[in-house]
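Secondary and tertiary structure notes
Listed here are the chains, written in short residue letters.
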Amino acid sequence: MEGNSTAGSFTPLQQFSVADLVVIVTYFSLNLAVGIWSSCRVNRNTVSGYFLAGRDMAWWPIGASLFASSEGSGLFIGLAGTGAAGGIAVTGFEWNATYALLALAWVFVPVYISSGIVTMPEYLQRRFGGERIRMYLSGLSLLLSIFTKISTDLYSGALFVQVCLGWNLYLSTVLMLLVTGLYTIAGGLVAVIYTDALQTLIMVLGAIVLAVKAFNAIGGYSNLEEAYLKAVPSKIVPNTTCHLPRADAMHLFRDPISGDLPWTGMTFGLSIMATWYWCTDQVIVQRSLSARSLSHAKAGSILASYLKMLPLFVIIMPGMISRVLFPDAVACVDPEECTRVCGAAVGCSNIAYPKLVVELMPSGLRGLMIAVMMAALMSSLTSIFNSSSTLFTMDIWRRMRPGASERELLMVGSCGITLGGAFPRSPPSTPWTAHHRDTWMAPVQLPQVAGRQLKDSQPCETPLSPLSGPGSAASTPLSCCASIFSAMLTLPSPLSAPRKRGIGGKMGIQVIIFGQVRDSGS
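In terms of helices and strands, the chain carries 20 helices and three strands. Here the chain, with 522 residues, has 54% of them falling under the buried criterion. At a minimum sequence separation of 6, the contacts of the chain that also span at least 24 residues come to 80%. When the accessible surface of the chain is totalled, it reaches about 22,400 Å², and 66% of it is carbon and sulfur.

In structure tokens, the structure reads:
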């Protein structure tokens, strides 16, 4: 649909000055210097050195990398846009991570470290036996990385550059792929983690500066709720209420029936999926595996837990303030008006954060915020590239070539990073927001979604995300069936087979408890 296209050129909201460009060039130069310096700190000519940073990382870069890996440009766009559209309830996605990160450090990491694994599919093979489950999970993880994580991060980052600088969306995407791919290939995980630490510092400082200026623009935090409830666009669709802000915008826990993000889903459904992401996803676990000791892995998770509390104040609330300051643009509901403002007929909440940047930040600081968004994009992309190449090299390539040397594995890992970034999906035609992660809560939200589908749609209502509707709910049992089917095809683990032990043929089995092989007699 032409009205929803955002792939063309876009007139920038402000002209950037020489000071802005100097700040951006300085950021990229500093990023390159840190990447080169960190690459020299560890021997990258070994599998452990390249993929696990030599298992010698301290707690502070691990914690910063855990935060930066998850806080990509998609979250700056999505969280701020969802905050502008519906309030603070989306904070649950971030705060839920604090508990999952502690579970990662105290429950899961000791198991992974004692197992001596490099990838999560490798752990499944060691725990349950069989090659097929390892290959299945590796292939699935690679596909999901390319078609979900990489594509959405690229789109949101390119959208920010398009809104601020007026560059073509696809040109921005290609340039960002080139920049992020270069030092990820050259430096391995150690370069990714140290540059993530730098980018976390830039992200936090820049976001705090913008948040302070945004709150000053509306007279402080005490005025936020009142001002937000009055943020109504001048051009509305008659006989509808969808232009009005939600009355429960400042509620973190919302009604399980009428709430857009019900507390039941945010508490139960999201907790389960947050455990999956933070405790078993290769991107996250790989950072903890690089720690020099279990104590450093735990301290890194604690640091990341504290950092995950910040987005409410430096991303989501500034998104709400953007709606207060620019209601006709950010809160538009008329399709023609929205198409004129941002090129998307279904709404312009996605431009909440970049709009705030270009309108509030003075010369020089606008360049800093561009650097912040580039930092967010690059940190998430490099983490995904590195972890995807690890999965491909250690699980798939080694299966195809069991006798591969370390040099060959390192070359394949470098090529895998290149291929991982070469096939991003085309940008979506509708705005991307943090609601895409509602897939995680589909089983909890199914009655609510079904009820909405039975009602007559209002002309200005934003359509349900394709990832949060009945289709995603149906995908949950399908995924369960696929997992069960795959498990049935997997041969029993040789570790669980009975064997004779001792005089008289006493039987026993070997089991793995916390990653260690132990005998248990019967």
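Attention now moves to the packing of helix α5 (residues 92-115) against helix α12 (residues 294-307). As a packed pair, α5 and α12 sit with axes 8 Å apart at the nearest point and diverge in direction by 165°. Classed by the angle they form, the pair α5 and α12 counts as roughly antiparallel. Like other packed secondary-structure pairs, α5 and α12 cross with a definite hand, here right-handed. In contact with T98, L101, L102, L104, A105, W106, V109, P110 and I113 of α5, α12 contributes L294, A297, K298, S301, I302, A304 and S305. When the residues that make up the contact of α5 with α12 are grouped by side-chain class, the tally is twelve nonpolar, three polar and one charged.

Our next topic: the state of the cysteines. As used in these notes, a disulfide is a covalent bond between sulfur atoms, one from each of two cysteines. Applying the stated criterion across every chain yields a total of two disulfides. Here C332 engages in a disulfide with C338; their sulfurs sit 2.2 Å apart. In this structure the cystine formed by C332 and C338 twists about its S-S bond by roughly 130°; its chirality is therefore right-handed. The burial state of C332 is the same as that of C338; both residues are buried.

Glancing now at the environment of M394. Tracing the sequence through the fold places M394 in helix α17 (residues 365-400). We classify M394 as buried; its relative accessible area is 3%. Separated by 15 residues in the primary sequence, M394 and L409 place their C-alpha atoms 7.8 Å from one another. Discounting chain neighbours no more than four positions away, the residues touching M394 are V47, F51, V118, T119 and R134.

What follows covers the packing of helix α4 (residues 73-86) against helix α13 (residues 311-325). The N-to-C vectors of α4 and α13 enclose an angle of 55°; their axes lie 7 Å apart at closest approach. With respect to α13, the element α4 is oriented oblique. Between α4 and α13 the crossing geometry is right-handed. In this structure, α4 uses L75, F76, L79, A80, G83, A84 and A85 to contact α13, whose residues at the interface are P311, I315, I316, G319, M320 and R323. Tallied by class, residues from the contact of α4 with α13 come to ten nonpolar, two polar and one charged.

Moving on, we come to the pattern of salt bridges. Per the stated rule, a full pass over the model turns up 16 salt bridges. With its nearest N and O atoms 2.9 Å apart, the salt bridge here joins E71 to K308. Of this pair, E71 sits in the loop between α3 (59-70) and α4 while K308 sits in the loop between α12 and α13; the two residues are 237 residues apart in sequence, bridging distant segments of the chain. No difference in accessibility class separates E71 from K308, as the two residues are buried. Across the salt bridge formed by E359 and K355, the nearest N and O atoms sit 3.5 Å from each other. Residue E359 and its partner K355 are both found in helix α16 (residues 352-360); the two are separated by four residues, about one turn of the helix. Residue E359 is classed as partly exposed on the basis of its relative accessible area of 32%. Residue K355 is classed as buried on the basis of its relative accessible area of 13%. Where salt bridges share partners, they join R246, D248, R254 and D260 into one cluster.

With seven of nine residues buried, α16 lies mostly within the body of the structure. Regarding α16, the residues found buried are A352, Y353, P354, K355, L356, V357 and V358.

Counted by the stated rule, this structure contains two cavities of 30 Å³ or more. Roughly 60 Å³ of volume is contained in the second largest cavity. Residue lining of the second largest cavity: F67, E71, F76, M203, V204, A207, L310, P311, V314 and I315, and that is the complete set. Counting residues per element, the ones that place at least two in the lining of the second largest cavity are α8 (169-217) and α13. Taken together, the residues that form the lining of the second largest cavity break down as nine nonpolar, no polar and one charged.

Quick notes on the rules
Residues numbered from 1 in each chain as written. Predicted model: local features only at pLDDT ≥ 70, side-chain atom pairs only at ≥ 80, totals over all residues. Heavy atoms only, no water. Helix = DSSP H or I, 4+ residues; strand = E, 2+ residues; numbered from the N terminus. Buried < 20%, exposed > 50% of the residue type's maximum accessible area, 1.4 Å probe, protein only. Contact = heavy atoms within 4.5 Å. Areas by Shrake-Rupley, 256 points an atom, 1.4 Å probe, with all protein chains shown as cover. Axes fitted to C-alpha atoms, helices over the stretch in contact; angles between N-to-C directions. Parallel < 35°, antiparallel > 145°, perpendicular 65-115°, else oblique. Left-handed = near helix turned anticlockwise from the far one by under 90°. Nonpolar A, V, L, I, M, F, W, Y, C, P; charged D, E, K, R; others polar. Disulfide = S-S within 2.5 Å. Salt bridge = Lys/Arg side-chain N within 4 Å of Asp/Glu carboxyl O. 1 Å grid on protein atoms, 1.4 Å probe; cavity = no way out; pocket = protein on both sides within 12 Å on 5 of 7 lines; lining within 4 Å. Points joined across faces, edges and corners; volume = space filled by probe spheres on them.

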